[in-house]
Amino acid sequence: MAALLLSGCLSAPLKNETQQRIEDHAPFALTDNAVKSGKLTSTQVPSAPSAWIDSFNDPSLNQWIAQALSGNFDLAQARSRVEAAQQQRSSSRSNLWPTLDVDLSQQRQKSTDSSTHYQNNANISASVAWEVDLWGKLSDTREASDFRWRAEQARYEASKLSLSAQIAKAWFQLIGAGQLSELLNERVDNLTTNLDIIQRGYRQGINNALDVYLAQSDLANESNSLQQQLATEKNAVRQLQLLLGQYPSGSLDGEPHKSRRFPTLQQLKSQQLSSQNVRHRPDLQASYLELLASNQELAVAHKNRFPSFRLTGSAGDSSDELKNLLDASSLAWNLLGGLSQPLFSGGKLKALEQQQRAVVQQKEQEYLNTLYTAFSEVEQNITNESALKRQLEFVSASKSYAEAAEELAFEEYRQGLQNYTSVLEAQRRAFNAQNNVISIRNQLLQNRINLYLALGGDYK
């Protein structure tokens, strides 16, 4: 009766201002509310690129990702966090059920007088307690735990997606390092051949000593660059091994990256490049679920200021003989129902509610920041891909011209039509152009992976 009378104390449901502000910023984000409300039709919801790892057509890459998903240490931590959140969710669900405690004790005591006398005492008691979810406070706690569990699941999916992208980027970085090592090795071989030709010409009186010194200096510089690049290549191998959960030895069996070439990028469909695809991103979903969990916890903090109704019951017995404990004639029991209402706590409950309200506002801003950062990443990576493709056209043309100039300059030098300084300049230009082509192709792949991540595409 008292509970019914006090039900008038419950305020009207809080207006979901957070949800309204989020829909104002991005009505399509994460939920189907926009579709149901008519703001966005189901045919307008784009689909993000899927199975983008297969688009690179690289079996080795698929092998590395499979190894990383089972061996990466960070991903193992993410799995543990999901398990912890799941157990917390189970714990919060148990609050809706009664609790039952049973206590059984047996005591034997010797008296302190001169006579040998022992006193036995056996006790058994059972108590049951159940808090009635009068205002839905316990249900709100359960839903908050459920949201946090789902948020950890989304973070785990984001970790898998991020790890797959890191593996792909590290693998292509390693291929690029191998190509540059191969390029420098070819350049050292060519300079060695050139030096031999120049030295023969010097012995025949055709070339002067300055040409020999310049050729020797150029060969020494490029040999030094080759050693530095080989060290860089080993570091790239170690980076990949760390992601795989392997010992970073700096060497892979069979050196599968040697003589490998970058894959050709597939053209993305225009609808796949929509910024609306960020709704598929698991990291954004995790941020949104954290916001929902904080919102439910705000409801709990608000309802903590209302009365709570608790039913308790107990039964027990005491005897000097353990076998007589369950004698029905001596069994005692009681049943109690209690209603408690916070009257004065120095403003603590109100302050806790305001604190949680501030947490909700913080989570809202975190979500919106994550959302707009995702928008920026999509736009930036689309712009970068367009610019890098144009750059590749220019550096490819420059490479062709520079290689032709290098060959012509050395041929004219052998005929006495050019000095060796012109040959060195032509060789420098050719090497820079070849290096730029490798670098731009690698940047295109790295940017395409970033674009897949920004669009929320699934790697498998």
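Residues numbered from 1 in each chain as written. Predicted model: local features only at pLDDT ≥ 70, side-chain atom pairs only at ≥ 80, totals over all residues. Heavy atoms only, no water.

Novice: Pulling in residues and values, what's your account of the overall build of the chain?
Specialist: Scanning the chain from N- to C-terminus turns up 10 helices and four strands. The secondary structure elements of the chain, listed N-terminal to C-terminal, are α-α-α-α-α-β-β-α-α-α-β-β-α-α. Expressed as a percentage of the 460 residues in the chain, the buried residues total 38%. Excluding contacts between residues fewer than 6 apart, the proportion of contacts in the chain whose partners are at least 24 apart in sequence is 81%. In the form shown here, the chain has an accessible surface area of approximately 25,900 Å², with 51% of it arising from carbon and sulfur atoms. (Helix = DSSP H or I, 4+ residues; strand = E, 2+ residues; numbered from the N terminus. Buried < 20%, exposed > 50% of the residue type's maximum accessible area, 1.4 Å probe, protein only. Contact = heavy atoms within 4.5 Å. Areas by Shrake-Rupley, 256 points an atom, 1.4 Å probe, with all protein chains shown as cover.)

Novice: Give a description of the environment of Q107 that names residues and reports values.
Specialist: Note that Q107 resides in strand β1 (residues 99-110). On the basis of relative accessibility, which here comes to 44%, the residue Q107 falls in the partly exposed class. Residues Q107 and A122 lie 15 residues apart in sequence; the distance between their C-alpha atoms is 6.2 Å. The contact partners of Q107, leaving out residues within four places of it in the chain, are Q119, N120 and N121.

Novice: For a nonpolar patch on the surface, give the residues involved together with the corresponding values.
Specialist: Residues L100, V102 and V128 make up a contiguous nonpolar surface patch of roughly 290 Å² in combined accessible area. Structurally, the position occupied by V102 is in strand β1. Classification of V102 as exposed rests on a relative accessible area of 62%. (Patch = residues over 30% accessible without salt bridge, like charges linked within 9 Å, V, L, I, M, F, W, Y side chains within 5 Å. Salt bridge = Lys/Arg side-chain N within 4 Å of Asp/Glu carboxyl O.)

Novice: Outline the packing of aromatic side chains, listing residues and values.
Specialist: Given two aromatic rings, their pairing is described by the distance between the two centres and the angle made by the two planes. Applying the stated criterion across every chain, the model contains 10 aromatic pairs. Note on W52 and Y452: the rings are 5.2 Å apart at their centroids and 15° apart in plane angle, and the pair reads as stacked. Taken together, the positions of W52 in the loop between α3 (33-37) and α4 (59-71) and Y452 in helix α10 (residues 420-455) put the pair 400 residues apart, joining distant regions of the chain. Accessibility assignment for this pair places W52 and Y452 in one class, buried. An aromatic cluster is present here, built from W52, F56, F172 and Y452 joined pairwise through their rings. If you follow R89 out to its NZ or CZ, it ends over the ring of W149, 4.1 Å from the centre. (Phe/Tyr/Trp six-rings, centres within 6.5 Å; stacked < 30°, edge-to-face > 60°. Lys NZ or Arg CZ within 6 Å of the ring centre and 35° of its normal.)

Novice: An account of the packing of α4 against helix α7 (residues 209-244) is needed here, citing residue identities and associated values.
Specialist: The geometry of α4 relative to α7 is characterised by a closest axis approach of 7 Å and an angle of 50° between their N-to-C directions. The angle between α4 and α7 places the two elements in the oblique class. Counted together, W64, Q67, A68 and G71 of α4 and L240, L243 and L244 of α7 form the full contact between these two elements. In terms of residue class, the contact of α4 with α7 is built from five nonpolar, two polar and no charged. (Axes fitted to C-alpha atoms, helices over the stretch in contact; angles between N-to-C directions. Parallel < 35°, antiparallel > 145°, perpendicular 65-115°, else oblique. Nonpolar A, V, L, I, M, F, W, Y, C, P; charged D, E, K, R; others polar.)

Novice: Help me get a handle on helix α5 (residues 73-93), residues and values and all.
Specialist: Under the 1.5 Å per step criterion, the end-to-end length of α5 is 31 Å for 21 residues, consistent within 8% with the ideal 30 Å. Listed in full, the buried residues belonging to α5 are L75, A78, V82, A85, R89 and S92. Buried residues of α5, seen end-on, are gathered within an arc of 90° and therefore sit on one face of the element. The inward-facing, buried residues of α5 contact α4 and α6 (137-203). Between the side-chain oxygen of the N-cap and the backbone nitrogen of D74 there are 3.0 Å, and the N-cap of α5 in question is N72. (Expected span 1.5 Å × (residues − 1). Arc of directions from axis to C-beta. Polar contact = N/O pair within 3.5 Å; in protein donor to acceptor, adjacent residues only side chain to side chain.)

Novice: Could you give me a rundown of the environment of E366, with the residues and numbers involved?
Specialist: Considering the arrangement of structural elements, one finds E366 in helix α9 (residues 348-414). Spatially, the C-alpha atoms of E366 and Y288 are 9.1 Å apart, while their sequence positions differ by 78 residues.

Novice: Lay out the confidence of the model for the chain in plain terms, naming residues and giving numbers.
Specialist: Here the chain averages 81 in pLDDT, while 81% of its residues score no lower than 70. The least confident element of the chain is α3, whose mean pLDDT is 38; the most confident is α7, at 92. The low-confidence segment residues 1-15 (pLDDT under 50) makes 14 contacts with residues lying over four places distant or belonging to another chain. Long-range and interchain partners of residues 27-43, a stretch whose pLDDT sits below 50, account for 31 contacts in this model, where long-range means more than four residues apart. (pLDDT = per-residue confidence, 0-100.)

Novice: Outline the pattern of salt bridges, supporting the account with residue identities and numerical values.
Specialist: The final tally for this structure, using the stated rule, is 24 salt bridges. Ionic pairing is found between R261 and E182, a salt bridge with its closest N-O pair at 3.4 Å. Of this pair, R261 sits in the loop between α7 and α8 (282-303) while E182 sits in helix α6, placing them 79 residues apart in sequence. Between R448 and E385 there is a salt bridge whose closest N-O contact spans 2.5 Å. Of the two residues, R448 is situated in helix α10 and E385 in helix α9; the sequence distance between them amounts to 63 residues. No difference in accessibility class separates R448 from E385, as the two residues are buried. When salt bridges that share partners are traced, they join R148, E152, R155, E290 and E297 into one network.

Novice: Residues and numbers for the side chain of Q446, please.
Specialist: Among the structural elements, Q446 can be located in helix α10. Relative accessible area serves as the criterion here: at 12%, Q446 is assigned to the buried category. A distance of 3.0 Å separates a polar atom in the side chain of Q446 from the backbone oxygen of K169. Among residues more than four places away in sequence, those in contact with Q446 are K169, F172 and Q173.

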